[in-house]
Amino acid sequence: MGDEDLKAMMQKKIGKMLSGVFLRGLVVILPIAITISLIAWLVTAAESFLGGLVQSIFPEWNYWTGLGTLLGIALVFVIGIMMNAWVTRRILAYAEAVMERIPIIKSVYGGLRDLGKFMYGEDSQRNFHQVVAVSMAGIRLIGFVTRQDCTNLPQPLGTTPDLIGVYLPMSYQIGGYTVYVPKSAVEMLDMAIEDAMRFTMTAGMSNADKSKVQS
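Here's what I pulled together on the structure shown here. (Residues numbered from 1 in each chain as written. Predicted model: local features only at pLDDT ≥ 70, side-chain atom pairs only at ≥ 80, totals over all residues. Heavy atoms only, no water.)

A look at the overall build of the chain
Thought 1: Along its length, the chain carries six helices and five strands.
Thought 2: In sequence order, the secondary structure elements of the chain are arranged as α-α-α-α-α-β-β-β-β-β-α.
Thought 3: Accessible surface computed for the chain: about 15900 Å², of which carbon and sulfur atoms make up 67%. (Helix = DSSP H or I, 4+ residues; strand = E, 2+ residues; numbered from the N terminus. Areas by Shrake-Rupley, 256 points an atom, 1.4 Å probe, with all protein chains shown as cover.)

What follows is the structure, given as structure tokens:
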């Protein structure tokens, strides 16, 4: 092996080592950077909108930086408390009904509303009953049972015996498919819903060593 070949090999090894170090650092810093950026964006938006609103309504106030953010946090808590009242729920239901009639707005609002309900822990726990593995054409897909009784579904789904509804999420994005398969094609997994969702969203790169198929 000549000097040029040895030099090229060394450069290749160094380049590969530097690329690996950089990627490992990127894997660590990227989620932190995105989280911080999202929080900073929310704080800036609240400060800009609510802070500007307060200064325009009460110009005599001695406004200080951070008041808009605190008002935003307080507003979220107040709305959360008000949702326990029957009148507030009726008003919100009426507002949603109006938005559902507007062609473009209903798609945007409906998607964000469903995403919010999905991300809310209690709602996701209520809709997703069990983590399962669905066998299709020799492969297994991780999913979540959404319906165990399909007798009231449209025909011919409602007449198919032992049918079960399973939501199959996609990796790296919000989305997925709802399939109705025989119960014989479904295996129950001993896995928490949050762990299974994180596992599927990261294409299986998160830790799922404790999951196992229930016999």
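Some words on the environment of E194
Thought 1: Looking at where E194 falls in the secondary structure, it is placed in helix α6 (residues 193-201).
Thought 2: For E194, a relative accessible area of 43% gives the class partly exposed.
Thought 3: When the C-alpha atoms of E194 and V131 are compared, they prove to be 9.7 Å apart, with 63 residues separating the residues in sequence. (Buried < 20%, exposed > 50% of the residue type's maximum accessible area, 1.4 Å probe, protein only.)

Re the pairing of strand β2 (residues 139-147)
Thought 1: As paired strands, strand β1 (residues 131-136) and β2 are joined by six bridges and run antiparallel to one another. If you follow A133 over to β2, its bridge partner there is I142.
Thought 2: Between β1 and β2, which pair antiparallel one after the other, the connecting turn spans two residues, and A137 there sits at a positive phi close to 50°.
Thought 3: By the bridge criterion, three bridges tie β2 to strand β3 (residues 163-169) in an arrangement that is antiparallel. Within β3, the residue paired with R147 across the bridge is G165. (Pairing = 2+ DSSP bridges.)

Let's talk about the sheet that holds β1
Thought 1: The strand order β4-β3-β2-β1-β5 describes an open sheet built from five strands, whose pairing is antiparallel. Here the strands that pair on one side only, and so sit at the sheet edges, are β4 (176-182) and β5 (186-188). Strand-to-strand twist of the sheet, defined as the mean angle between neighbouring strand axes without regard to direction, takes the value 45°.
Thought 2: Of the strands in this sheet, β1, β2 and β3 are in contact with α6, which crosses β2 at around 135°. (Axes fitted to C-alpha atoms, helices over the stretch in contact; angles between N-to-C directions. Contact = heavy atoms within 4.5 Å.)

Side note on α6
Structurally, the α-helix is built with 3.6 residues per turn, so residues lying three or four positions apart point the same way.
Thought 1: Residues of α6 that are buried: I193, A196, M197 and T200. The buried residues of α6 occupy an angular sector of 100° when projected down its axis, which confines them to one face.
Thought 2: Immediately downstream of α6, the backbone of A203 shows phi near 60°, a positive value. (Arc of directions from axis to C-beta.)

With respect to the environment of S184
Thought 1: With respect to the helices, strands and loops of the structure, S184 is situated in the loop between β4 and β5.
Thought 2: As for S184 and D162, which are separated by 22 residues in sequence, their C-alpha atoms are 8.2 Å apart.

So, the environment of T202
Thought 1: Note that T202 resides in the segment after α6.
Thought 2: A C-alpha to C-alpha distance of 5.9 Å links T202 and S171, two positions 31 residues apart in sequence.

Re the side chain of T69
Thought 1: Within the fold, T69 resides in helix α2 (residues 67-82).
Thought 2: Residue classification places T69 among the buried residues on the basis of a relative accessible area of 17%.
Thought 3: Every residue in contact with T69, bar those within four places of it in the chain, is listed here: V43, A46 and E47.

Some remarks on the side chain of E47
Thought 1: Looking at the element boundaries, E47 is found in helix α1 (residues 3-57).
Thought 2: A polar contact of 3.3 Å, which involves the side chain of E47, links it to the backbone nitrogen of G68.
Thought 3: Apart from residues no more than four positions distant in its own chain, E47 is found in contact with G52, Y63, W64, T65, G66, L67, G68 and T69. (Polar contact = N/O pair within 3.5 Å; in protein donor to acceptor, adjacent residues only side chain to side chain.)

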